Amino acid sequence: MYTLYGIDESGSCMIEIALQRCAVPWRRVDAASWAEGEGSDELARINPLKQVPTLITPDGQVLTESAAILIHLGLEYPASDLLAGDRAQIIRGLVYIAANCYSAIGIIDYPQRWLGDVNETVQAQLVTGTRRYLHQAWVVFADQFDGQLFAPNGVPNALGVMAAAVSRWDEAREVLNGLAPGFAQSLAQVDADPVVAPVFARHWPAWKVS
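These figures come from a predicted structure and were not determined experimentally. (Residues numbered from 1 in each chain as written. Predicted model: local features only at pLDDT ≥ 70, side-chain atom pairs only at ≥ 80, totals over all residues. Heavy atoms only, no water.)

1. Topic: the side chain of Ser 40
Next, step 1: In this structure, Ser 40 sits in helix α2 (residues 38-46).
Next, step 2: On the accessibility criterion, Ser 40 (2% relative accessible area) is buried.
Next, step 3: Those residues in contact with Ser 40 that sit more than four places away from it in its chain are Asp 30, Ala 31, Ala 32, Ala 35 and Lys 50. (Helix = DSSP H or I, 4+ residues; strand = E, 2+ residues; numbered from the N terminus. Buried < 20%, exposed > 50% of the residue type's maximum accessible area, 1.4 Å probe, protein only. Contact = heavy atoms within 4.5 Å.)

Quick look at the structure:
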């Protein structure tokens, strides 16, 4: 059985979807760096950064980094269609999101990690600039990867799942609705997938694009 360390409204939603698509037994342990509890203490022993998602495979391997976990599951379970489509571009897109979007969100959420003990004005400037970069990165992503979010049979692949999840943070969907409406519609199609939709609804019960 797989063990997934994660929490609602986090990137663990992507791995929950992927594990369902792989049709394998798994369980979730509620844990995160910002949550107190037995699960988070256990996570710290496995992954010192306390990052979620963290996945333990049935043979005891520790997997971290959302893109790496999705790629591993897609390779391990080809019938899941997680890597179905142009595999090179799917992998490129997964790494793009991790490097450009996910990393920017980390700065927006925790500017003090990079700035240390500085005043709130400086922190706000960093957050504003990083959010501007994040939104531009999503517009570039839309231009580069439109058409790569679905397997040939029409189900969202790993790139579609990751893009739909990570774009839910920091007003990215609102920006894409305005600047890349066709791509925003593709993300909404991922949202509506019968495997994706209930997971997203559980993680973000009140979420909607304004």
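The structure having been displayed, the exposition proceeds.
2. A word on the pairing of strand β1 (residues 2-6)
Next, step 1: With five of its five residues buried, β1 lies for the most part within the structure.
Next, step 2: Two strands pair when backbone bridges link them, and β1 and strand β2 (residues 26-30) are joined in this way by five bridges, in the parallel orientation. Note on β2: the bridge partner recorded for Tyr 5 is Val 29.
Next, step 3: Note that the unit made of β1, helix α1 (residues 12-22) and β2 has a crossover that is right-handed. (Pairing = 2+ DSSP bridges. Right-handed = clockwise from strand over helix to strand, strands pointing away.)

3. Brief notes about the UniProt feature "domain: GST N-terminal" (unreviewed entry) in the chain
Next, step 1: When the UniProt feature table is mapped to this numbering, "domain: GST N-terminal" (unreviewed entry) covers residues 1-81.
Next, step 2: Its end C-alpha atoms 20 Å apart, residues 1-81 is made of 38% helix and 20% strand. (UniProt positions renumbered as here; feature names shortened; annotations may be inferred.)

4. What to know about the pattern of salt bridges
When their charged atoms lie close together, side chains carrying opposite charge are able to pair.
Next, step 1: Enumeration according to the criterion identifies seven salt bridges in this entry.
Next, step 2: Linking Arg 28 and Glu 16 is a salt bridge whose minimum nitrogen-to-oxygen distance equals 2.9 Å. Here Glu 16 lies in helix α1 and Arg 28 lies in strand β2, a separation of 12 residues in the sequence.
Next, step 3: In this structure, the salt-bridge partner of Arg 168 is Asp 191, at a minimum N-O distance of 3.6 Å. Highlighted residues: Arg 168 in the loop between α7 (158-166) and α8 (172-179) and Asp 191 in helix α9 (residues 181-191), separated in sequence by 23 residues. By the burial criterion, Arg 168 is buried, and Asp 191 matches it.
Next, step 4: One connected set of salt bridges, linked through shared partners, spans Asp 8, Glu 16, Arg 28, Asp 30 and Arg 202. (Salt bridge = Lys/Arg side-chain N within 4 Å of Asp/Glu carboxyl O.)

5. A word on the sheet that holds β1
Strands in a sheet are paired, the pairing made by backbone hydrogen bonds, and the direction either parallel or antiparallel.
Next, step 1: Read across the open sheet, the four strands follow the order β2-β1-β3-β4; overall the sheet is mixed. Of all the strands in the sheet, the pair left with one neighbour each is β2 and β4 (62-64). Ignoring which end each strand starts from, the neighbouring axes of this sheet average 25 degrees apart.
Next, step 2: The pairing of β1 with strand β3 (residues 54-56) spans three bridges and is antiparallel. Bridging from a neighbouring strand, Leu 4 pairs with Leu 55 of β3. (Axes fitted to C-alpha atoms, helices over the stretch in contact; angles between N-to-C directions.)

6. A few points about the nonpolar core
Next, step 1: Judged by nonpolar contacts, the single largest core of 55 residues is most densely connected at Leu 73, Trp 138 and Phe 141.
Next, step 2: Counting contributing residues per domain, this core is built from domain 1 (2-80) and domain 2 (87-193), each supplying no fewer than three.
Next, step 3: Aside from chain neighbours lying at most four places away, what touches Leu 73 is Tyr 2, Ile 15, Ala 18, Leu 19, Cys 22, Leu 55, Ser 80 and Leu 82.
Next, step 4: Tyr 5, Val 29, Ala 31 and Val 52 belong to the second-largest nonpolar core, a separate cluster that totals nine residues. (Core = buried A, V, L, I, M, F, W, Y, C linked by side-chain atoms within 4.5 Å. Domains from an automatic or database assignment.)

7. Observations regarding helix α3 (residues 66-76)
Next, step 1: Turning to α3, its buried residues number three or more, namely Ser 66, Ala 67, Ile 69, Leu 70, Ile 71, Leu 73 and Gly 74.
Next, step 2: In this structure, the buried side of α3 is in contact with β1, α1, β3, β4, α4 (87-109) and α7.

8. Brief notes about unusual backbone geometry
Next, step 1: A cis geometry characterises the amide bond from Val 52 onward to Pro 53, with omega recorded as 5 degrees.
Next, step 2: Relative to the assigned elements, Pro 53 resides in the loop between α2 and β3.
Next, step 3: Notably, Glu 171 is not glycine yet its phi reads approximately 65 degrees, a positive angle.
Next, step 4: Positionally, Glu 171 belongs in the loop between α7 and α8.

9. Some thoughts on the packing of aromatic side chains
Next, step 1: Considering all chains together, one arrives at nine aromatic pairs under this definition.
Next, step 2: With a centroid separation of 6.5 Å and an interplanar angle of 65 degrees, the aromatic rings of Tyr 2 and Tyr 77 are classed as edge-to-face. Separated by 75 residues along the polypeptide, Tyr 2 in strand β1 and Tyr 77 in the loop between α3 and α4 bring together distant segments of the chain.
Next, step 3: The class for Tyr 2 is buried, based on a relative accessible area of 4%.
Next, step 4: On the basis of an interplanar angle of 75 degrees and a centroid distance of 5.4 Å, the ring pair of Trp 138 and Phe 141 is categorised as edge-to-face. (Phe/Tyr/Trp six-rings, centres within 6.5 Å; stacked < 30°, edge-to-face > 60°.)

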